[in-house]
Amino acid sequence: SALDNLYIADGVNITDSAFGGLGTFSRSYGSLGTGINTSFIKEVQVKTGGFEPQYGQSTGGIVNIITKSGTNEFHGAVYGYARPKAFEATRKQPDDFRIGQGGKLLHAENYDVGVDAGGPLVKNKLFFFGSFNPTISRNILLGAKNSGLFTLLGEHAARTRTYNYAAKLDWNLNQNHSINFSLFGDPSKTNKSSFASTNIDNATAQSVLDFGTRNLSVRYNGNFGGGASPYTLIGSFSQGVNHFNETGFDNFNQILDRTQTTLASQRQSFTSIGRGFIEPTNGKTYRTTWDLSKGVSLWGTHNLGIGYQFQRGQYSGVRDRSGPHFTVPGFNADGEPLSDFAGGTAGAIGQPLNGAFSLRLQSSFCTRCALMFIPGDPATGIALPGGGTAPAGYRRVSLQQTRGEFGVPAFATYNNYHAYYAQDTWRFNKHVTAILGLRGEQERIVGNPGSTGKRVAYSFTDQWAPRLGVTVDPTGKGNTKLFYNFGRFFEYIPLDLAERSLSAEKDFTGGRFAPDFVVPASGPLAGQRVAVINAFGTVNPIIDSAHLLSGNQVNCDFDVDGNPINLATHPNCGLASGLSISAQDPSNPILPGTKLGFAQEHIFGFEQQLPKNFVLSIRYQDRRLKRIVEDAAVVSPESIALFGQTYFIGNVTAALDAAHNLVPFKYTPGTLAASKPAGCRLNPALAFDPVTNPLVADAGTVRDNFGAVLGAICYAAGSGDPGGDGKPDGFPNAIHIYRGVEIELNKRFSDNWQLLSNWRISKLNGNYEGHFRNDNGQTDPAISSLFDFTEGDFNLLGDQFKAGPLNTDRRLVSNIYASYQFTKDKGYGAIAGLNLGGGLHMESGVPLSKFGAHPAYLNAGEVPIGGRGALGRSPFFTQFDFHADYPWQVTERAKLSFIADFFNVFNSRPVRLVDQNFEVSAGVLNPDFNKPASFRAPFNMRLGLRFEF
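Residues numbered from 1 in each chain as written. Predicted model: local features only at pLDDT ≥ 70, side-chain atom pairs only at ≥ 80, totals over all residues. Heavy atoms only, no water.

A.B. asks: Please clarify how the overall build of the protein chain should be interpreted in this entry.
C.D. replies: Assigned secondary structure in the protein chain consists of two helices and 55 strands. The globule rule puts the C-alpha radius of gyration for 949 residues at 30 Å, and the 31 Å found for the protein chain is close to it. Viewed in the frame of its principal axes, the protein chain has a C-alpha envelope of about 100 × 65 × 50 Å. Per-residue burial for the protein chain yields a buried fraction of 50% across its 949 residues. Working note: accessible area of the protein chain is about 39500 Å², and carbon and sulfur atoms make up 58% of it. Placing the 83 positive and 79 negative side-chain charges of the protein chain at their respective mean positions leaves the two points 7 Å apart. (Helix = DSSP H or I, 4+ residues; strand = E, 2+ residues; numbered from the N terminus. Rg over C-alpha atoms; globule rule 2.2 N^0.38 Å. Buried < 20%, exposed > 50% of the residue type's maximum accessible area, 1.4 Å probe, protein only. Areas by Shrake-Rupley, 256 points an atom, 1.4 Å probe, with all protein chains shown as cover. Lys, Arg positive; Asp, Glu negative; His and termini not counted. Charge placed at Lys NZ, Arg CZ, Asp CG, Glu CD.)

A.B. asks: What exactly am I supposed to notice about the pairing of strand β18 (residues 281-297) here?
C.D. replies: Consecutive side chains along a regular strand alternate between the two faces of the sheet. Sheet analysis places strand β14 (residues 231-247) next to β18, joined by 13 bridges and oriented antiparallel. Note on β18: the bridge partner recorded for Gln 239 is Tyr 286. Bridge count for β18 against strand β19 (residues 301-318) is 17 bridges, and the pairing is antiparallel. Looking at β19, one finds that Ser 293 is bridged to Gly 305. Taking the residues that link successive antiparallel strands as the turn, the β18-β19 hairpin has three residues, and the phi of Trp 299 there is positive, at about 55°. (Pairing = 2+ DSSP bridges.)

A.B. asks: Explain the sheet that holds strand β41 (residues 709-715) here, please?
C.D. replies: By way of backbone hydrogen bonds, the strands of a sheet pair with one another, either parallel or antiparallel. Read across the open sheet, the three strands follow the order β39-β41-β40; overall the sheet is antiparallel. Two strands close off the open sheet at either side, each with one partner strand: β39 (664-667) and β40 (701-703). For this sheet, the mean inter-axis angle between neighbouring strands, taken without regard to orientation, is 40°. (Axes fitted to C-alpha atoms, helices over the stretch in contact; angles between N-to-C directions.)

A.B. asks: How do you make sense of the confidence of the model for the protein chain when you look at a structure like this?
C.D. replies: Detail in the predicted coordinates should be disregarded across regions flagged by low pLDDT. Scored by pLDDT, the protein chain has a mean of 89; 92% of the residues are at 70 or more. Contacts from residues 552-570, a stretch scored under 50 in pLDDT, to residues over four places away or in other chains number 40 contacts. When the criterion is pLDDT under 50, residues 684-697 qualifies, and its contacts beyond four places in sequence or with other chains add up to 29 contacts. (pLDDT = per-residue confidence, 0-100. Contact = heavy atoms within 4.5 Å.)

A.B. asks: Just to check I follow, could you spell out the packing of aromatic side chains for this structure?
C.D. replies: Aromatic rings considered in pairs are described by the distance between their centres and by the relative angle of their planes. Considering all chains together, one arrives at 33 aromatic pairs under this definition. With centroids separated by 6.4 Å and ring planes inclined at 40°, the aromatic side chains of Phe 74 and Phe 128 adopt a geometry described as tilted. Of the two residues, Phe 74 is situated in the loop between β6 (62-67) and β7 (75-83) and Phe 128 in strand β9 (residues 126-142); the sequence distance between them amounts to 54 residues. You can call Phe 74 partly exposed: its relative accessible area is 42%. (Phe/Tyr/Trp six-rings, centres within 6.5 Å; stacked < 30°, edge-to-face > 60°.)

A.B. asks: Hey, could you run me through the environment of Gly 130 in this one?
C.D. replies: With respect to the helices and strands, the residue Gly 130 is situated in strand β9. A C-alpha to C-alpha distance of 9.6 Å links Gly 130 and Ser 39, two positions 91 residues apart in sequence. If we ignore the near neighbours within four places in the chain, the residues touching Gly 130 are Val 115, Asp 116, Ala 117, Ala 166 and Ala 167.

A.B. asks: Got a minute to help me understand the pattern of salt bridges in this structure?
C.D. replies: A side chain with one charge may pair with a side chain of the opposite charge, provided their charged atoms come close. Taken as a whole, this structure holds 36 salt bridges when the rule is applied. A salt bridge links Glu 499 to Arg 27; its shortest N-O distance comes to 3.0 Å. With Glu 499 in helix α1 (residues 496-501) and Arg 27 in the loop between β3 (24-26) and β4 (30-32), this pair connects stretches of sequence that are 472 residues apart. When the shortest N-O distance is used, the salt bridge between Arg 946 and Glu 948 registers 3.1 Å. Assessed through its relative accessible area of 28%, Glu 948 is described here as partly exposed. Sharing partners across several salt bridges, the network here consists of Arg 27, Glu 279, Arg 319, Arg 321, Glu 405, Asp 496, Glu 499, Arg 500 and Asp 780. (Salt bridge = Lys/Arg side-chain N within 4 Å of Asp/Glu carboxyl O.)

A.B. asks: Just to check I follow, could you spell out the environment of Ile 140 for this structure?
C.D. replies: Among the structural elements, Ile 140 can be located in strand β9. The class for Ile 140 is buried, based on a relative accessible area of 5%. It is 7.9 Å that separates the C-alpha atoms of Ile 140 and Glu 109, two residues lying 31 residues apart in sequence. Beyond its immediate sequence surroundings of up to four residues, Ile 140 is in contact with Lys 85, Lys 104, Leu 105, Leu 106, His 107, Glu 109, Glu 155, His 156 and Ala 157.

A.B. asks: Help me understand the side chain of Glu 279, please; the structure alone is not making it clear to me.
C.D. replies: In this structure, Glu 279 sits in the loop between β17 (277-278) and β18. The buried category is assigned to Glu 279, whose relative accessible area is 6%. Of note is the side chain of Glu 279, whose polar atom sits 3.0 Å from the side chain of Arg 27. Not counting residues up to four positions away in its chain, the partners in contact with Glu 279 are Arg 27, Phe 244, Tyr 315, Val 318, Arg 319, Phe 411 and Glu 499. (Polar contact = N/O pair within 3.5 Å; in protein donor to acceptor, adjacent residues only side chain to side chain.)

A.B. asks: In this structure, what is going on with the side chain of Asn 534? I would like to understand it.
C.D. replies: On the secondary structure map, Asn 534 appears in the loop between β33 (530-531) and β34 (580-582). Judged by its relative accessible area of 18%, Asn 534 is buried. In this view, Asn 534 contacts Ile 273, Val 539 and Asn 540; residues no more than four positions away in its chain are not counted.

A.B. asks: Looking at this model, I keep getting lost on the sheet that holds strand β1 (residues 6-9). Mind explaining?
C.D. replies: Strand order in the open sheet formed by four strands is β2-β1-β6-β5, and the pairing between neighbours is mixed. Only two strands of the sheet have a single neighbouring strand rather than two, namely β2 (12-13) and β5 (41-47). The sheet contact formed by β5 and β6 spans six bridges and is antiparallel. Within the sheet, the bridge partner assigned to Val 46 lies in β6 and is Val 63.

A.B. asks: Explain the nonpolar core to me, please; I cannot follow it from the model alone.
C.D. replies: General note: in soluble globular proteins, nonpolar side chains tend to be found buried as a group. Residues Ile 445, Phe 460, Ile 493 and Leu 497 are the most contacted members of the largest nonpolar core, which totals 25 residues. Listing elements by their share of this core, those giving two or more residues are β28 (457-472) and α1. Per element, the largest residue contribution to this core is three residues, and it comes from β28. Residue contacts for Phe 460: discarding those within four places in its chain leaves Glu 441, Gln 442, Glu 443, Ile 445, Ile 493, Ile 590, Thr 594, Lys 595, Leu 596 and Val 629. (Core = buried A, V, L, I, M, F, W, Y, C linked by side-chain atoms within 4.5 Å.)

A.B. asks: I tried to follow unusual backbone geometry on my own but got confused; where do I start?
C.D. replies: Negative phi characterises most residues that are not glycine, and trans characterises most peptide bonds. Backbone geometry places Asp 462, a non-glycine residue, at a positive phi of 60°. One can find Asp 462 in strand β28. In the Ramachandran plot, Asn 795 falls in the positive-phi region, its phi being about 55° despite a non-glycine side chain. Note that Asn 795 resides in the loop between β43 (753-766) and β44 (804-805).

And the structure:
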């Protein structure tokens, strides 16, 4: 997946230490920047398989960037490129096809200028290279279409300025020893604009982003011992630093308005006010590597090598949310203490609390909920206590606190990584060469200090990765090659796991609050709670005991239809308890003996040198994840209200035995307790046991997201207790199988033209993508929600655990790139030097699935219904690009090049993806299901000038 790769530039690990993305990575915004000045790049090596033993920390690919250096000749360039919005065709917009609006990206603009220079400081000894390349990108945005009652967030630009820089020194001490020093970075800052969302009618969510990297590297190359085969030593030290900060937003709590999700003619869910979650962070990665090699002759020739690598990653920051902070209340509106309806209250009450909210419709029975006018709502005749009805369009609402953390949610985590390897490149004769290697790895990951000042930590040890490669040259002439590679590649777990699971996340969530309200003395709503509507068209949250409506429902009785019986004494009836408090510092959740996950790979290939400088290569690759690390809990979705969740982290498999299994007894809903075994546990928090309260619905009743009764269940004592019971816990095996055939036909530049072409037929099948989940967009490596529940007895998780085509499965990808240069020796006069190139890219679609919302978390995009790929595939896509550049020779050593790039020449704009969410939340259908979610970018072009001297 996108977070399983390793990115190295001049020995600097520019992979984000927290998530595994490229450059600076934010939980909210994804990968920002590239971590390197692209003008500094000389060559990019992309390794997709067959890694030598010196490479690790990746179950995906490895991108190794080699940078430019100075030479004995002074050289330089001044250049500029422009892609204004006038150079782009009209974009297709999902909002034109959907009820739910998200805002529009009208155009994307890019501008950059730069200067490069390199040459000798001391001839043959000391060389320099430098580059400075400021860039500006602008996205022209338009706010989402609203219901016409409030001011639309109009057309505006989200601008990012990046000051890319790079400097390099190469010092040849003598013919056997050299030192290289590199410094490069990409500090960036934006204007105040809509980077989080345009689905809001005001500017309260607009913010300023400040991010970027600073990287340095020192590298030594030396030969020792003299003779025909000296020892070669390569050593390096590097430091990669990145930061992300977000400021400038208005001081309002975020409110997601869900009051219109039942209205097909309205805009569905939208942010009515506030930025919401922010997470300013700092990351550092220190890395040192040492490699020693020597050639030896024995039964052929050997190049023996050993190496060691140490890496220290650091990740720190603060989790916070926009808006005023509140304090954790001690009671609800009924005067019931917090301890009655939420566990773990010690140290929580009175603590500072941030919050984000959802404005939701509530039952008319909740008379403590405020009345609010909902535009376009056809509701009429909402009964009022004491008689009468509310005017048309008025509905009961509450604010649900969806997220909130109390205390000081700062974190500082780190990890230490060690790797060591030995390899032998053994050339038996001119026909057979083998690479034999073994790599060892270990990672220690350390969480945030808890209240005791102690850190929770765990060491993943004893990871051994064998590597084998065999190449056969049947003729011994170097023009034919048959090869086989075997490798095992271990994952590297980023520090998001340490922040989330090895630290104390102190959460107060789930409460339902009455918003700020007034009680009119006269009129049709006299004596009623009526929500105060602010200047932004939404309500004001108040978090205190007087406004907290949800709580213990022991004395709040419901009939089988969910209607309250004792309305007079409990006017907050109809609201689920929902409250949860997590205030304890964690004990170590990682199971003893847990090891890093790994992929295992086999590659078979063939290469043939053909006449006219053509090379044909064919390879077959089979790569499979054989072990994963994930967090899990031995609880099913239907039992979470009874047992809660105690998470552990381990190598989740079908054979895992980490807790006492749930021992269920299924029975007919509403039957007397005599029909179930003695001691079979129902949900005591809801007091729906028909023995003690026969008038109410059975606590064992299980319903789907839409309220349909599926059955009833209770559980034997001891179910879910920690510690193994000799039986597998009920998880599936993680499956991730990639198989592909790749064919390349390439021609080196000769006779004025060159060709690069490839064709890949592949299949990616499984139930586990990797460190990133495309299903729900989750960026939590090794702690996703995928294994948080066992399958259960009522199929509430649909086909989540069943294997099928994974989200990034493309059965066909093909690229053909060719260029031709006109020269005088071929008879071209005035156009001599003109270079023309074309690129044809073709790719088949990805699987499209029908996703239900999670039955416990309520999040969209979690549960595949009908199997992965049930909706077919996205459209086949073909794009043709064109390039032209023409040099004007100003002097013998200086030229000015005119450059033009044309992308998507035929303006192909099919649907890229559709909205695959069948529900927007549990039980709430998505009216935009299977409608376009994104389109391909349209035709656009870029013009440039480059002066070289």
